[in-house]
Amino acid sequence: MRFFIKNYGCQMNSYDSQRITDILAHAGHEIANSSEAANIVVLNTCSIREKVDEKIFSDLGRIREMKKEYAKDFIIVVAGCMAQTRSSDILRRAPYVDVILGPHNIHQLAKIIDKIVNSKSSDVVMSTAANVGSKFPQSSDMLFERGVSEFITIQEGCNNFCSYCIVPYTRGREFSRSVLDIRTEIKNLVSLGVKEITLLGQNVNSYEGVGLDGKRCSFSRLLFELANISGLKRLCYMTSNPKDVNLDIAIAHKEIKILTPSLHLPVQSGSDSVLKRMNRRYTTDEYARRVEMLRAHRPDLALSSDFIVGFPGESDADFQQTLELVKNIGYAQAYSFKYSPRKGTAAAQMDNQIPENVKSERLRTLQNLLDNQQSRFNQNFIGQHVNVLFTKKGKHEKQLTGRSEYSQSVSVATGVAMGTIAKVKITEVASHSLIGVVVP
Ligand code: SAH
Ligand code: SF4
Ligand code: F3S
């Protein structure tokens, strides 16, 4: 059959979609370029905010029309985080779905499809049991071609229970893969031509997989264990929880050459009382001190963050403190969101939910400030040299685009091959990207 995967949500989902691609291709199915050209459609879903959920239900309605045309030989799979937490809503609102698959069950998909095809049954197949670990690849079933920059999940799940967040309910408790598994997967990827690896986890700093010596290995130790993989040019990671950043990680940033000087360290809010109710378990002071420690070891570190505005009870004064924090810390880039109540989380029950118009206004103000900050950060690079890993074609003919070590998008007109790292002199700064020329 021909399959198409639509991916929603974070990089962990992108990694899972890649896994699903490998598994289905390994079982003899072909990749289709669009849902119209497919007869297996997989929606790999996210549930982080209400808007994403609603988009998925509307996409399902559209795919249903295609199923009607193809009649029986059309399989709709809802996989991922929404499948895990909202299976009964999916059954009620989209009873024509054939498979509901939690994020830990994706490796079963090829067998499930075989079963559906052979049995001709129209009953929905549901698999959402938590069996983290089994979904990760054996070297023999990674056969699919890769780009030059790839993600790999080193840790799944979250034990933090930030009061607004659905993830502990969708991905379950923390599970860390072993150092050997991670090294093997990275070596395989490098042999396929991958140059840059981003290690993924909801909470990478609390990684504690089995080390090469059989003992528990910390995250900073893991970074050192991966630093010497031959052919690996760049190592990145996300996401770090500020409460778990320690000196060893700062030292890793100083000592490991291939570790990029960019760090996603989401602060969420600049108000201590909001952070407390979010259950983030750090204060703004602690956050600032950790940033200082990191910058002391790696002065050029480019920081990025996530922010939530309009968390229950957030006053104007709380919000002003967020703006202050942004000005004081200085970010290279950031994402910001309106708080979205998620059923089953603690914050959804809190008093003083903030009206939509206030959230929108605060979001606009914050995004303006962050945009200006990003532009200023980028402007400082005019005339400077950065190292760019070229990963894709640019918007214009012959143009290539890639990312600097500071995670900026950089384009050049000519003079370089895809998949290589080249020194680039920055000549222009567009809104969120840089333009430069390759330095011979
Ligand atoms: N593990 C990461 C974040 C994962 S979710 C961390 O701890 O930072 C990615 C981002 O989505 C979060 O950083 C947060 O800013 C945002 N987010 C999570 N739940 C949300 C909600 N209910 N409403 C709005 N934004 C949310
Ligand atoms: Fe969600 Fe908090 Fe866990 Fe991040 S650390 S995934 S925000 S509960
Ligand atoms: Fe979304 Fe699940 Fe990632 S809820 S953000 S896809 S962990």
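Being a predicted model, the structure only gives us computed values, none of them experimental.

Conventions used here
- Residues numbered from 1 in each chain as written.
- Chains lettered and ligands numbered in written order.
- Predicted model: local features only at pLDDT ≥ 70, side-chain atom pairs only at ≥ 80, totals over all residues.
- Heavy atoms only, no water.
- Helix = DSSP H or I, 4+ residues; strand = E, 2+ residues; numbered from the N terminus.
- Rg over C-alpha atoms; globule rule 2.2 N^0.38 Å.
- Buried < 20%, exposed > 50% of the residue type's maximum accessible area, 1.4 Å probe, protein only.
- Contact = heavy atoms within 4.5 Å.
- Pairing = 2+ DSSP bridges.
- Axes fitted to C-alpha atoms, helices over the stretch in contact; angles between N-to-C directions.
- Near = heavy atom within 4 Å.
- Polar contact = N/O pair within 3.5 Å; in protein donor to acceptor, adjacent residues only side chain to side chain.
- Areas by Shrake-Rupley, 256 points an atom, 1.4 Å probe, with all protein chains shown as cover.
- Expected span 1.5 Å × (residues − 1).
- Lys, Arg positive; Asp, Glu negative; His and termini not counted.
- Salt bridge = Lys/Arg side-chain N within 4 Å of Asp/Glu carboxyl O.
- Core = buried A, V, L, I, M, F, W, Y, C linked by side-chain atoms within 4.5 Å.
- Nonpolar A, V, L, I, M, F, W, Y, C, P; charged D, E, K, R; others polar.
- Domains from an automatic or database assignment.
- Buried area = accessible area lost by both parts, 1.4 Å probe.

Colleague: What am I meant to see in the overall build of the protein chain here?
Modeller: Along its length, the protein chain carries 13 helices and 19 strands. For the protein chain, the C-alpha radius of gyration of 22 Å lies close to 22 Å, the compact-globule estimate for 440 residues. Residue burial in the protein chain is summarised as follows: out of 440 residues, 52% are buried. Considering only contacts within the protein chain whose residues lie at least 6 apart along the sequence, 72% involve residues at least 24 apart.

Colleague: I'm lost on the sheet that holds strand β16 (residues 400-404) in this one. Help?
Modeller: Ordered in space as β15-β16-β17-β19-β18, the 5 strands form a closed barrel in which the pairing is mixed. Within this sheet the neighbouring strands show an average axis-to-axis angle of 55°, counted without direction. Sheet topology places strand β15 (residues 385-393) next to β16; 5 bridges connect them, and they run antiparallel. Paired with lysine 393 across the strands is leucine 400, a residue of β16.

Colleague: Quick question: what am I supposed to make of the pairing of strand β17 (residues 409-412) here?
Modeller: As a general feature of sheets, a regular strand has side chains that alternate between the two faces. When β16 meets β17, the two strands line up antiparallel, connected through 4 bridges. Following the sheet pairing, arginine 403 is matched in β17 by serine 409. Bridge count for β17 against strand β19 (residues 433-438) is 4 bridges, and the pairing is parallel. Looking at β19, one finds that valine 410 is bridged to leucine 434.

Colleague: I keep staring at the site of ligand 1 and nothing clicks. Help me out?
Modeller: What surrounds ligand 1 is a group of 15 residues, the closest being Tyr164, Gln202, Gln268, Asp306 and Ser340. Here an oxygen atom of ligand 1 sits 2.7 Å away from a polar atom, N or O, in the side chain of glutamine 268. When isolated, ligand 1 has an accessible area of 540 Å², and the protein chains bury 90% of it. For the shell around ligand 1, the secondary structure elements donating two or more residues are β13 (302-309) and β14 (333-338).

Colleague: What exactly am I supposed to notice about helix α13 (residues 356-379) here?
Modeller: At 3.6 residues per turn, the α-helix brings residues three or four places apart onto the same side. Taking 1.5 Å of rise per residue, the 24 residues of α13 would be expected to cover 34 Å, and the 34 Å separating its terminal C-alpha atoms lies within 8% of that figure. When we look at burial in α13, the residues that qualify are Lys359, Arg362, Leu363, Leu366, Leu369, Leu370, Gln373, Gln374, Phe377 and Asn378.

Colleague: Where do I start with the side chain of glutamate 150 in this structure?
Modeller: Mapped onto the elements, glutamate 150 comes out in strand β7 (residues 149-153). Here glutamate 150 occupies a buried position and makes no salt bridge, while the nearest side chain of opposite charge, arginine 146, is found at 4.2 Å. Polar side-chain contacts of glutamate 150 include one of 2.9 Å to the backbone nitrogen of glycine 147. Glutamate 150 has contacts with Gln18, Val194, Glu196, Ile197 and Thr198, leaving out every residue within four places of it along the chain.

Colleague: Which parts of the structure should I look at to understand the nonpolar core?
Modeller: Soluble globular proteins tend to pack their nonpolar side chains together in the buried interior. In terms of nonpolar packing, the biggest core is built from 67 residues, with Ile186, Leu199, Phe219 and Leu222 touching the most fellow members. Counting 22 residues, the second-largest nonpolar core is a separate cluster that includes Phe57, Ile76, Met82 and Ile100.

Colleague: Quick question: what am I supposed to make of the site of ligand 3 here?
Modeller: Around ligand 3, the structure places Cys10, Asn13, Cys46, Ser47, Ile48, Cys81, Val167, Arg171 and Gln202. A breakdown of the residues in the shell around ligand 3 according to their chemical character gives 5 nonpolar, 3 polar and 1 charged. Two domains each put at least three residues into the shell around ligand 3: domain 1 (2-132) and domain 2 (134-379).

Colleague: Looking at this structure, how should I read the domain arrangement of the protein chain?
Modeller: By convention, interface size is frequently given as the accessible area that disappears when the constituent parts associate. One can read the domain layout of the protein chain as domain 1 (2-132), domain 2 (134-379) and domain 3 (385-438). The straight-line distance from the C-alpha centre of domain 2 to that of domain 3 is 25 Å. Domain 2 puts 17 residues into the contact, and the matching count from domain 3 is 17 residues. For the pair domain 2 and domain 3, the summed buried surface comes to about 1400 Å²; carbon and sulfur atoms form 54% of the total.

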